Amino acid sequence: LCGVKVMKNCLISYLTKQRMFFLVTSVLLVVTIFLSLFLGAAKLSFNEVLEGLFNPNTINGRIVWVVRIPRIVGTILAGAALSLAGYVIQTILHNSLAGPNIIGVNSGALFFMVFGLSFFPSMTGVYAVIPAFIGALLACLIIYLISKKAGFSKVTLVLAGVAINALFQGAVDLLLELNPNVLPNSQSFRVGGANGITLNMILPFGIIIIISIIILL
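Residues numbered from 1 in each chain as written. Predicted model: local features only at pLDDT ≥ 70, side-chain atom pairs only at ≥ 80, totals over all residues. Heavy atoms only, no water.

1. Some remarks on the overall build of the protein
What the protein contains, in helices and strands, is 8 helices and 0 strands. Beginning at the N terminus, the succession of helices and strands in the protein can be written as α-α-α-α-α-α-α-α. Looking at the 217 residues of the protein, the share that counts as buried comes to 28%. By sequence separation, contacts in the protein at least 24 residues apart represent 61% of the contacts at least 6 residues apart. Accessible area of the protein: about 14700 Å², with a carbon and sulfur share of 73%. (Helix = DSSP H or I, 4+ residues; strand = E, 2+ residues; numbered from the N terminus. Buried < 20%, exposed > 50% of the residue type's maximum accessible area, 1.4 Å probe, protein only. Contact = heavy atoms within 4.5 Å. Areas by Shrake-Rupley, 256 points an atom, 1.4 Å probe, with all protein chains shown as cover.)

2. Examining the nonpolar core
Judged by nonpolar contacts, the single largest core of 26 residues is most densely connected at Leu-93, Ile-103, Met-113, Val-114, Ile-143 and Val-172. Of all elements in the fold, only helix 3 (59–93), helix 4 (105–119), helix 5 (126–149) and helix 6 (154–178) reach the threshold of two or more residues within this core. If one sorts the elements of this core by residue count, helix 6 sits on top with 8 residues. Judged by nonpolar contacts, the second largest core, of 8 residues, contains Phe-38, Val-49, Val-64 and Ile-69. (Core = buried A, V, L, I, M, F, W, Y, C linked by side-chain atoms within 4.5 Å.)

3. As for the environment of Val-66
Within the fold, Val-66 resides in helix 3. Taking the C-alpha atoms as reference, Val-66 lies 9.3 Å from Gly-196; in sequence the two are 130 residues apart.

4. Points about a nonpolar patch on the surface
Taken together, the side chains of Met-20, Leu-23, Val-24, Val-27, Leu-28, Val-31, Phe-34, Leu-35, Leu-39, Phe-46, Leu-50 and Phe-54 make up a nonpolar region of the molecular surface, amounting to roughly 1200 Å² of accessible area. Sorting the residues of the nonpolar patch by element identifies helix 1 (2–38) and helix 2 (46–54) as the ones contributing at least two each. Looking at the secondary structure, you find Met-20 in helix 1. Under the relative-accessibility criterion, Met-20 is labelled partly exposed at 46%. (Patch = residues over 30% accessible without salt bridge, like charges linked within 9 Å, V, L, I, M, F, W, Y side chains within 5 Å. Salt bridge = Lys/Arg side-chain N within 4 Å of Asp/Glu carboxyl O.)

5. Details of the confidence of the model for the protein
Residues shown with low pLDDT carry predicted positions that ought not to be read at fine detail. On average, the protein scores 82 in pLDDT, and the residues at 70 or more come to 87%. Here helix 7 (residues 183–191) stands out as the least confident element of the protein, with mean pLDDT 68; helix 2 is the most confident, with 89. (pLDDT = per-residue confidence, 0-100.)

6. As for the packing of helix 4 against helix 6
Axis angle and axis distance: for two packed helices, these are the angle between their axes and the distance between the axes, and together they describe the pair. Packing of helix 4 against helix 6 leaves a shortest axis separation of 8 Å and a crossing angle of 25°. Viewed along their axes, helix 4 and helix 6 adopt a mutual orientation that is roughly parallel. Seen from above, helix 4 lies across helix 6 with left-handed handedness. In this structure, helix 4 uses Ser-107, Gly-108, Leu-110, Phe-111, Phe-112, Val-114 and Phe-115 to contact helix 6, whose residues at the interface are Ile-164, Asn-165, Phe-168, Gln-169, Ala-171, Val-172, Leu-175 and Leu-176. Broken down by class, the residue content of the contact of helix 4 with helix 6 amounts to 11 nonpolar, 4 polar and no charged. (Axes fitted to C-alpha atoms, helices over the stretch in contact; angles between N-to-C directions. Parallel < 35°, antiparallel > 145°, perpendicular 65-115°, else oblique. Left-handed = near helix turned anticlockwise from the far one by under 90°. Nonpolar A, V, L, I, M, F, W, Y, C, P; charged D, E, K, R; others polar.)

7. Description of helix 4
Over its 15 residues, helix 4 runs 22 Å from end to end, which matches the ideal 21 Å to within 8%, given 1.5 Å per residue. Three or more residues of helix 4 are buried, namely Val-105, Ser-107, Gly-108, Ala-109, Leu-110, Phe-111, Met-113, Val-114, Gly-116 and Leu-117. (Expected span 1.5 Å × (residues − 1).)

8. Side note on the environment of Leu-217
Here Leu-217 lies in the segment after helix 8 (199–216). For Leu-217, a relative accessible area of 74% corresponds to the exposed category. It is 9.9 Å that separates the C-alpha atoms of Leu-217 and Val-88, two residues lying 129 residues apart in sequence.

9. Brief notes about the packing of helix 2 against helix 3
At a minimum axis distance of 7 Å, the contact between helix 2 and helix 3 shows a crossing angle of 80°. With respect to helix 3, the axis of helix 2 lies roughly perpendicular. For the pair formed by helix 2 and helix 3, the contact residues are Glu-48, Val-49, Glu-51, Gly-52 and Leu-53 on the first element and Asn-60, Gly-61, Val-64, Trp-65 and Ile-69 on the second. For the contact of helix 2 with helix 3, the residue count by class is 5 nonpolar, 3 polar and 2 charged.

10. Considerations on helix 8
If you check helix 8, its first and last C-alpha atoms are 25 Å apart, about what 18 residues at 1.5 Å a residue would give, namely 26 Å. The sharpest bend along helix 8 comes to roughly 30°, located at Phe-205. Taken as a whole, helix 8 has its buried residues at Ile-202, Gly-206 and Ile-209. For helix 8, the elements touching its buried residues are helix 3. (Bend = angle between axes of the 7 residues up to and from the residue.)

See the structure below:
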């Protein structure tokens, strides 16, 4: 009975901490969104932000609706997608250090993006995402096939991912050596950013991300 009581108290404490963490991070997110509307290259006052929200055709309206709101929505969706992807991988592999950057998914996406830019230098924005998505998907498929052939355990998944990651990274370095002109765009892809994001660009990816979140949760 004592052991059951201790376990119950531990569970209650854990759930309380989880709720507190969720509450604090939610408040921080709301505060960050609020500040993002006001701060930037052009600092806006409270009245200017209100004017921009209700009058999209004004200068302040373009700053709010064309620049800041798309960036806010895009970064929230990207953060949600990345955190969920990391959570799924760590849960499946039972390894808190596992992630898309460790098991080769990111390097697969980068390789195909650099490969596409080598032949189509003008490919930017949404069009650069398509080969990156194909590369990430192909990396997952290769890792799955290798680990399945080797016995399909959590260890083989991680080791196969590390090997594929090294292979794709080497291939990326080779492509950049052969075609240095691709380097600026590839660096931008590696670092990431919210410049140039529009609501029209966000819509298709936002739908995919939200559906994925609903399915996985």
